[in-house]
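Fold and contact review
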Amino acid sequence: MSETVVVQNVCKKYKMHKSPKEKLLDVLLPKGYGEDFYALQNISFTANQGDVIGLVGVNGSGKSTLSNILGGVIPPTSGTIKTVGQASIIAISSGLNNQLTGRENIELKCLMLGFKKKEIQEMEAEIISFTDIGKFIDQPVKKYSSGMRSRLGFAISVTVNPDILIVDEALSVGDQIFGQKSKNKMFEFKQKGKTMFFVSHSMGQIKEFCDKAIWLEYGEIKDFGPVTEVIPAYESFLKKHKALTAEEQKKFREEVMRKQSGLSMT
Amino acid sequence: MIKSLITIAREQMHSFYLILRLSAFEVKSAHTNNYLGRFWEILNPVIQLAIYWLVFGIGVRGGQQITMENEVRVPFFIWMVTGMVVWFFVNPAISKSSKSIYSRLQLISKMSFPMSAIPSFVIMANFYTHLMLMAVVIIVLQFTSFKLSVYYIQLPYFMLATLIFLLALALITSTLSTIIRDVQQIVQSVLRMILYVTPLIWHTDQLVLQGVDLTFLLKMNPLYYLVEGYRASLLGTTWYVTEYAPYTLYFWSLILVMLLVGSALHVKFRNRFVDFL
């Protein structure tokens, strides 16, 4: 099987600023200014064609940062990412323009993703039938219910037919009927052999879809392997963590902060 | 620097269709809430022109006519309208394009998107309004003594020059204002100043202070060139491009420098735009 995503030594560093003055200094000084915060440290892994990989980890462990980097929304501070084919992120809050109608938003979004005029015309009908919102497609998006809005966003993201798909907690959109529809779409992608990444806190969903899992802890890969090994380990970690006393939990968080400020690197 | 300029130029050409479509959406979404819709784009300038004419034309100048270089006498109102038509384009285009990148970055959410197309489509959206206003001005002029003339063929040149000037400026301001938000405030106040130092409502063929001619200071402003060029074309007074050849040369050298600086800045920072949000 061919490699579709190769991630090597990826780090993402943010600067923390206490005041606007520090922010300005950071822009002006050649070396930058401010306390470092490593959202990701030394991430390396390889994904093959047809892999469905779950990203798990507690809040703030860097799941969303990693998925944004994989989707090409934000650049890494250092390290390289090679992706074969187009990557697309499905997130619940995909940018829709409230003043424009659903139909116009479809064209706008597809233009933003770099599609040609003809391709967009072909995709439009497919997207509209997937959203299943009837006459509302010609109403401004501000009049949509929140369910309609997320359905439109989801429909656009899956119809553009990306080679690499990153799903950031987006399978829970809409009602159960739409949920089933989107699940089916996901299974269809899986069968087509697309590389997919799943960010989710629902272990049930991860077990249902994924073959492999990456467990992130304070911006580092704690474990990467088959779902059957990583998820039980993660679940037992969660159980143990919940059982810790308040004092011990605080200690764990302090340890995390120390590691992410880059002190452990030196 | 030259490499960045080529990158930007190529990007602009490749995303031409994109720029056209996105600017159409931009115009559409700006007017969906008003009952009068696009009619406001004519109504607003008319209201502004009326007050400027009252204050500067009647109040300050006492209804006196303006004498152009070749002794043509022009009523103040017509003189003002032929300049202000540029201002009604340039003013919103500069202020909107300078905030174009940081206000839209979340919508783009894709690094592969040609970033330099963002200021361009914002400028383009304002250009449609400009064409509409120009049509109105030209129609109105036919009822005065300044009718359609051969000098009108300079207009496409000046429109293109204005567009390129706006793009060059927007590359600089949109990048800087994304990094340092305060730049947007500076742009706004400078624009307010520019209204008075460009021959728009104040006729400045000579600015002499204690025996020193300071007109050259006013002429350093590239808008001076554009406004006077439009005016010469619409009123049919001169072939502005060749009549003031050294000034034309100055204008384009300045634009070239701005383009070089703007594209270098843009290319240097665009990968990190998301980090500045």
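Residues numbered from 1 in each chain as written. Chains lettered and ligands numbered in written order. Predicted model: local features only at pLDDT ≥ 70, side-chain atom pairs only at ≥ 80, totals over all residues. Heavy atoms only, no water.

Here we take up the overall build of chain B. Looking only at helices and strands, chain B features 12 helices and 4 strands. Relative to its length of 277 residues, chain B is compact, with a C-alpha radius of gyration of 20 Å against a globular reference of 19 Å. With the C-alpha coordinates of chain B rotated into their principal frame, the extents come out at 55 × 50 × 35 Å. Long-range contacts, defined as pairs at least 24 residues apart, comprise 80% of the intrachain contacts of chain B with a sequence gap of at least 6. Within chain B, the 11 negative side-chain charges are centred at a point lying 12 Å from the centre of the 19 positive side-chain charges. (Helix = DSSP H or I, 4+ residues; strand = E, 2+ residues; numbered from the N terminus. Rg over C-alpha atoms; globule rule 2.2 N^0.38 Å. Contact = heavy atoms within 4.5 Å. Lys, Arg positive; Asp, Glu negative; His and termini not counted. Charge placed at Lys NZ, Arg CZ, Asp CG, Glu CD.)

Turning next to the pattern of salt bridges. Oppositely charged side chains are able to pair whenever their charged atoms sit close together. All names here are of chain A. If you walk through the whole model with that rule in mind, you get 13 salt bridges over all chains. For Asp 211, the salt bridge goes to Lys 190, with nearest N and O atoms at 4.0 Å. With a gap of 21 residues between them, Asp 211 in the loop between α7 (203-209) and β8 (212-217) and Lys 190 in helix α6 (residues 176-191) connect regions that are remote in the sequence. Ionic pairing is found between Lys 222 and Glu 217, a salt bridge with its closest N-O pair at 3.6 Å. By relative accessible area, which is 48% here, Lys 222 ends up partly exposed. Because the salt bridges share partners, they merge into one network encompassing Arg 103, Glu 124 and Asp 138. (Salt bridge = Lys/Arg side-chain N within 4 Å of Asp/Glu carboxyl O. Buried < 20%, exposed > 50% of the residue type's maximum accessible area, 1.4 Å probe, protein only.)

A word on the domain arrangement of chain A. All names here are of chain A. For chain A, the assigned domains read domain 1 (3-86 + 163-265) and domain 2 (92-161). Once you take the C-alpha centre of each, domain 1 and domain 2 turn out to be 27 Å apart. A combined buried area of about 1200 Å² lies between domain 1 and domain 2, and 63% of that area is made up of carbon and sulfur atoms. In this structure, the connection of domain 1 to domain 2 is made through 1 residue pair in polar contact (both at pLDDT 80 or more). Tallied by class, the residues present in the side of domain 1 that touches domain 2 amount to 6 nonpolar, 3 polar and 6 charged. (Domains from an automatic or database assignment. Buried area = accessible area lost by both parts, 1.4 Å probe. Polar contact = N/O pair within 3.5 Å; in protein donor to acceptor, adjacent residues only side chain to side chain. Nonpolar A, V, L, I, M, F, W, Y, C, P; charged D, E, K, R; others polar.)

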